[in-house]
Amino acid sequence: MNHVEVAALRSVMETLEKGHENVEVFAKVGRSRSLTLNIDRQVLSLHDEAGWAVRAGDDRRSFFHAVAGVPTVDLRWPTPAAGGLRLAQPLTPTPFVEPDTVDRALVGENEAQKLLATVASELESELPKARLLEARLDDGSSEARLLNNRGLDARIRRRLGVLRLHALLAEGTTTHVADTVAIAAAAQELDARAAARRLVDLLTISRDGQAPERDRGEMLLAPAVMIRILAALLPLFLELDAEARVTALSRSGRLASTATTLIDDGRFGLLAAAVDGEGNPTRAINLVERGVYRQPLVSWAEARGAQVASGCVRRDSWREPPRRGISHFYLAPDNDVRVADLLTAVARGYYLIDLGGAPRIDLDQDRLTVPVRGFALDGGRPKGAISGAWLSGSLSGFLAGIAATARDLTFLPIEGLIGAPTTLVRGLELRRD
């Protein structure tokens, strides 16, 4: 964002503060490149976007107005409506170093084609009857500038590469499909071969897997499974009245086992930034610490009593006003534990590596039901594929049954970024669909 655009933002702010007590101006520019391959065609697109927004008002009335393009004072502003506006006072964030990838050029067409071709080649080499139905590679960068008439002036830059794959395995009249997603700080850093191997595993399990009638045992949940369960649990951490639900789920004053620490940290991970969408410094907050529920995720304006604000206000687009949400929400790993250590520790149980659909979680009825697929384990070794199975039990039992985490913390793009390592859980049941 050049100095002319920043000067225009300041002009807008100075114009509006003559009639409004509180004024905030926000501008964002972004560029992304996408390459999509499917069985019929290849589509390459380059997208540039620029827009800006204003919030202005006082303690009783305010307005939000968003406009595409570059900032200008030559607009007719909306009439403020009910609903006051408070603005953050500028605070100095602790030192933050942007990753080197922020300034890296977007992936080129040849690079993108090569990456997707590698996925297709590896997939067909490992599983000759499989083919890639669709692959999409997105690589994007953005820069935002946020100012208010309390003296705030913040800059946020981000970069992310995302690979989405959809594959099919056809054998006779039977077909099996699999999907996977991978992310990296830039598209050039995505591991095409690892993504292809994951598709092979998922397709093979879908083809060969069977579900037990009903069984119990130790459950080793891969990051992809844990991440989607955590996503379904977000109401416990985003709703300010969630304490009553937490109390109902807690056992002996704990929401989860002592192996469970859940953190939201706006400056840890691929979308890290020094400040959030209102310019407040980001920081790590333990929402659950060694099984004890500490607090929901709260912004600077919502923190009460012992609650700690964490810089958790998101602003995904210039088109929308800021809102409270997760940034990098994750289950803390144990950096001394390898996945192989957890595998060999399972005398008899299951290694569940993916979902067959969305988890079904009923917070009020304390129930957890998750469609899963993976492998049966005997003495730490896989002995058969599992598909069409449901992992079920009480939600409180699941949380209390988290026995250990490995060091392979992985993130996926869900409502921000949600992360989890491979996790050992006890006390659940696996049954046929």
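Please refer to the structure higher up on the page.
The structure contained in this document is the topic of the report that follows. Just so it is clear, the model here is predicted, and its values are computed rather than measured.

**Quick word on the pattern of salt bridges**
Piece 1. What the rule picks out here adds up to 32 salt bridges.
Piece 2. Several salt bridges share partner residues, and in doing so they unite Glu24, Arg55, Glu278 and Arg315 into one network.

**What about the environment of alanine 195?**
Piece 1. By secondary structure assignment, the location of alanine 195 is in helix H3 (residues 192-208).
Piece 2. The spatial distance from the C-alpha of alanine 195 to the C-alpha of isoleucine 229 is 22 Å, given a sequence separation of 34 residues.
Piece 3. Beyond its immediate sequence surroundings of up to four residues, alanine 195 is in contact with Leu163, Leu165 and Thr180.

**What about the layout of surface pockets?**
Piece 1. Reported here for the largest pocket is a volume of approximately 1,100 Å³.
Piece 2. Looking at the largest pocket, it is lined by 43 residues, and the ones nearest its centre are Lys28, Ser142, Arg158, Leu271 and Asp316.
Piece 3. Of the residues belonging to the lining of the largest pocket, the class tally is 13 nonpolar, 16 polar and 14 charged.
Piece 4. Empty space within the second largest pocket amounts to approximately 960 Å³.
Piece 5. Lining the second largest pocket are 41 residues; nearest its centre among them are Thr180, Val181, Arg198, Ala224 and Thr410.
Piece 6. Elements with a contribution of two residues or more to the lining of the second largest pocket: strand E7 (174-184), H3, helix H4 (223-232), strand E16 (348-355), strand E18 (367-378) and strand E21 (410-412).
Piece 7. If you tally residues by element for the lining of the second largest pocket, the top one is E7, at eight residues.
Piece 8. Here the residues of the lining of the second largest pocket are counted per class, giving 24 nonpolar, seven polar and ten charged.

**Some details on the sheet that holds strand E6 (residues 153-171)**
Picture the strands of a sheet paired through backbone hydrogen bonds; they go either parallel or antiparallel.
Piece 1. Here seven strands make up an open sheet; going across it, the order is E4-E3-E2-E1-E5-E6-E7 and the pairing antiparallel. The sheet is open, and its two borders are formed by strand E4 (81-82) and E7, each paired with just one other strand.
Piece 2. In this structure, strand E2 (residues 42-57) lies alongside strand E3 (residues 61-68), joined through seven bridges in antiparallel fashion. In the sheet register, valine 54 faces E3, and the bridge partner there is histidine 65.
Piece 3. On the sheet, helix H1 (residues 3-16) packs against strand E1 (22-38), E2, E3, strand E5 (130-148) and E6 and is oriented at approximately 140° with respect to E1.
Piece 4. Sheet contacts for H3: E5, E6 and E7; angle to E7, the most-contacted strand, approximately 150°.

**So, the sheet that holds strand E12 (residues 292-293)**
Piece 1. The strand order across the open sheet built from six strands is E12-E11-E10-E15-E22-E21, with neighbouring strands paired in mixed fashion. Edge positions in the sheet fall to E12 and E21, since each has one partner strand and no second.
Piece 2. Along the sheet, H4 makes contact with strand E10 (262-265), strand E15 (328-331), E21 and strand E22 (417-420), crossing E22 at roughly 130°.

**Focus: empty space enclosed by the protein**
Piece 1. The full count for this structure, using the stated rule, is two cavities of 30 Å³ or more.
Piece 2. Of the voids in this model, the largest cavity is the one considered here, and its volume is about 50 Å³.
Piece 3. In terms of lining, the largest cavity is formed by Met1, Glu5, Ala27, Lys28, Val29, Ala50, Gly51, Gly69, Val70 and Pro71.
Piece 4. Considering every element that reaches the lining of the largest cavity, the biggest residue donor is E1, with three residues.
Piece 5. For the lining of the largest cavity, the class distribution of residues is six nonpolar, two polar and two charged.
Piece 6. The space that makes up the second largest cavity amounts to roughly 30 Å³.
Piece 7. Forming the boundary of the second largest cavity are Met226, Leu230, Leu233, Thr260, Leu262, Leu331, Phe398, Leu399 and Ile402.
Piece 8. Secondary-structure elements contributing two or more residues to the lining of the second largest cavity are H4 and helix H8 (395-400).
Piece 9. Tallied by class, the residues present in the lining of the second largest cavity amount to eight nonpolar, one polar and no charged.

**With respect to the nonpolar core**
Piece 1. Of all hydrophobic cores here, the largest spans 48 residues; its most connected members are Leu221, Phe237, Phe329, Leu391, Phe398 and Leu430.
Piece 2. Setting aside residues no more than four positions away along its own chain, phenylalanine 398 makes contact with Leu221, Met226, Ile229, Leu368, Val425 and Leu428.
Piece 3. Core analysis: the next-biggest nonpolar cluster, separate from the first, contains 41 residues, Leu165, Ala187, Ala195 and Val346 among them.

**Overview of the pairing of E15**
Sheet faces and side chains relate simply in a regular strand, where the side chains alternate between the two faces.
Piece 1. In E15, alternate side chains face the same way, and those of His328 and Tyr330 on one face and Phe329 and Leu331 on the other are all buried.
Piece 2. Across three bridges, E10 lies against E15 in antiparallel orientation. The residue of E15 that forms the bridge with isoleucine 263 is tyrosine 330.
Piece 3. One ladder, built from three bridges, connects E15 with E22; its direction is parallel. When the sheet's bridge partners are listed, histidine 328 is paired in E22 with leucine 417.

Rules behind the numbers
- Residues numbered from 1 in each chain as written.
- Predicted model: local features only at pLDDT ≥ 70, side-chain atom pairs only at ≥ 80, totals over all residues.
- Heavy atoms only, no water.
- Salt bridge = Lys/Arg side-chain N within 4 Å of Asp/Glu carboxyl O.
- Helix = DSSP H or I, 4+ residues; strand = E, 2+ residues; numbered from the N terminus.
- Contact = heavy atoms within 4.5 Å.
- 1 Å grid on protein atoms, 1.4 Å probe; cavity = no way out; pocket = protein on both sides within 12 Å on 5 of 7 lines; lining within 4 Å.
- Points joined across faces, edges and corners; volume = space filled by probe spheres on them.
- Nonpolar A, V, L, I, M, F, W, Y, C, P; charged D, E, K, R; others polar.
- Pairing = 2+ DSSP bridges.
- Axes fitted to C-alpha atoms, helices over the stretch in contact; angles between N-to-C directions.
- Core = buried A, V, L, I, M, F, W, Y, C linked by side-chain atoms within 4.5 Å.
- Buried < 20%, exposed > 50% of the residue type's maximum accessible area, 1.4 Å probe, protein only.

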